[in-house]
Amino acid sequence: MNNNITTLSCAIIDDEPTARYGIASYINRTPCINCVGEFHDIPSFEAYLKTNKAPDIVFMDICMPEISGLDFISNCTIDSAIIIITAYEQYALKGYELNISDYLLKPVSYIRFQKAIDKVRQYLDFKRNATVEDYIFVRSDRIIHRIDLRDIVYIESLENYVRIMTVSDCIIVRTTLKDMLKSLPAEKFVQVHKSFIINLTRIGSIEKNFITMNPVGEINISRNYRKYLFQLIEPVRLK
């Protein structure tokens with residue numbers, strides 16, 4: 001076994017005890033995966049998240065009491081890789097639209113389980129090995145995109161998603177503006193509005209309450225962020 005492989009944490013959410021037992025047995029057979037908890041419904045998992053870090057992977061059933069797996073995925077902001085495990089094939093398209101990592105149909109074979117883990121590990125390795133000073137990896141529509149930081153013009157909040165506007169493309173990613181800001185170098189990216197982060201190197205001009213970005217885009221400046229922005233750019237005052 002490769003000793004350099006990172007151990008991944010995971011959680012199981014399923015209202016069927018036999019289903020939880022089956023996945024737990026697969027986890028126990030798989031090197032470098034640690035199950036931090038088994039949960040019979042979404043509320044019990046949400047209670048766990050209040051005092052614990054979200055696991056790397058969440059194995060989740062769809063049809064559960066109170067809150068369905070799809071409803072949880074639609075509204076959650078955790079950065080876990082979601083693997084749906086269900087007996088219902090008809091939810092697959094909706095699941096992938098919500099940016100899940102994989103969709104497994106019960107009964108799940110151990111070989112198929114391993115393939116799902118390998119897919120998640122590859123994605124997480126991409127994220128962990130990315131050099132934030134030069135580029136980032138983001139996932140959109142089941143595709144992992146590498147984005148050079150110098151090409152990002154601005155990032156716009158769309159509730160549980162963000163729109164990353166680059167010099168040549170527009171990429172929609174399921175994350176929050178707050179989490180996006182944490183992943184970017186503070187000396188180059190700054191929030192100027194509750195809905196916008198800008199790349200300081202892409203500022204063309206600043207006039208009154210808006211910023212003209214290069215090569216495209218006008219961004220409003222919020223009063224709450226204006227003073228901090230001017231502290232960062234320190235405009236030269238000509239005599």
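Now for a look at the structure at hand. The residue count restarts for each chain, going from 1 along the sequence in the order it is written. Per-residue local features are limited, in this predicted model, to residues with pLDDT of at least 70; the limit for side-chain atom pairs, both in listing and counting, is 80 or more; totals at the level of whole chains, interfaces and linings are taken over all residues. Hydrogens and water molecules were not included; the side-chain quantities draw on all heavy atoms of the structure.

1. Things to note about the sheet that holds strand E4 (residues 81-86)
Quick reminder of the rule: Strands are labelled as partners when DSSP assigns at least two bridges between them. A run of H or I in DSSP becomes a helix once it reaches four residues, and a run of E becomes a strand once it reaches two; helices and strands are each numbered from the N terminus. Here the axes come from fitting lines to C-alpha atoms, over the contacting stretch only for helices, and the angles between their N-to-C directions go from 0 to 180 degrees. By definition, residues are in contact when any of their heavy atoms lie within 4.5 Å.
Read from one edge to the other, the open sheet built from five strands follows the order E2-E1-E3-E4-E5, with strand pairing classed as parallel. Looking at the sheet topology across the chains shown, the edges are occupied by strand E2 (33-39) and strand E5 (102-105). Along the sheet, successive strands turn relative to each other by an average axial angle of 20°, direction set aside. The pairing of strand E3 (residues 57-60) with E4 spans four bridges and is parallel. Its bridge partner being in E4, Met-60 is matched across the sheet by Ile-84. Lying on the sheet, helix H2 (residues 42-49) is in contact with strand E1 (8-13), E2 and E3; it crosses E2 at an angle near 125°.

2. As for the sheet that holds strand E12 (residues 196-199)
Pairing in this open sheet of five strands is antiparallel, and the strands run E10-E9-E8-E12-E11 from one edge to the other. Strands with a single pairing partner mark the edges of an open sheet, and in this sheet they are strand E10 (170-173) and strand E11 (189-193). The sheet shows a mean angle of 20° between the axes of neighbouring strands, taken without regard to direction. Looking at chain direction, strand E8 (residues 152-158) and E12 are connected through three bridges and run antiparallel. Note on E12: the bridge partner recorded for Glu-156 is Phe-196. Contacts from helix H7 (residues 223-233) reach E11 and E12, with the element oriented near 150° to E11.

3. Observations concerning the nonpolar core
Selection criterion: Nine residue types can take part in a nonpolar core, namely buried Ala, Val, Leu, Ile, Met, Phe, Trp, Tyr and Cys, and a core is a set of them joined through side-chain atoms within 4.5 Å. Each residue is placed in one exposure class: buried if its accessible area under a 1.4 Å probe, protein chains only, is under 20% of its type's maximum, exposed if it is over 50%, and partly exposed if it falls in between.
Within the largest apolar cluster, 22 residues are counted, with the highest numbers of intra-cluster contacts made by Ile-23, Ile-27, Ile-57, Phe-59, Ile-83 and Phe-113. Within the residue set of this core, elements represented by two or more residues are E1, helix H1 (17-29), E3, E4 and helix H5 (110-129). Tallying contributions element by element places H5 first for this core, with seven residues. Beyond its immediate sequence surroundings of up to four residues, Ile-23 is in contact with Ile-12, Phe-59, Ile-85 and Phe-113. Membership of the second largest hydrophobic core comes to 18 residues, among which are Phe-39, Val-58, Ile-82 and Tyr-103.

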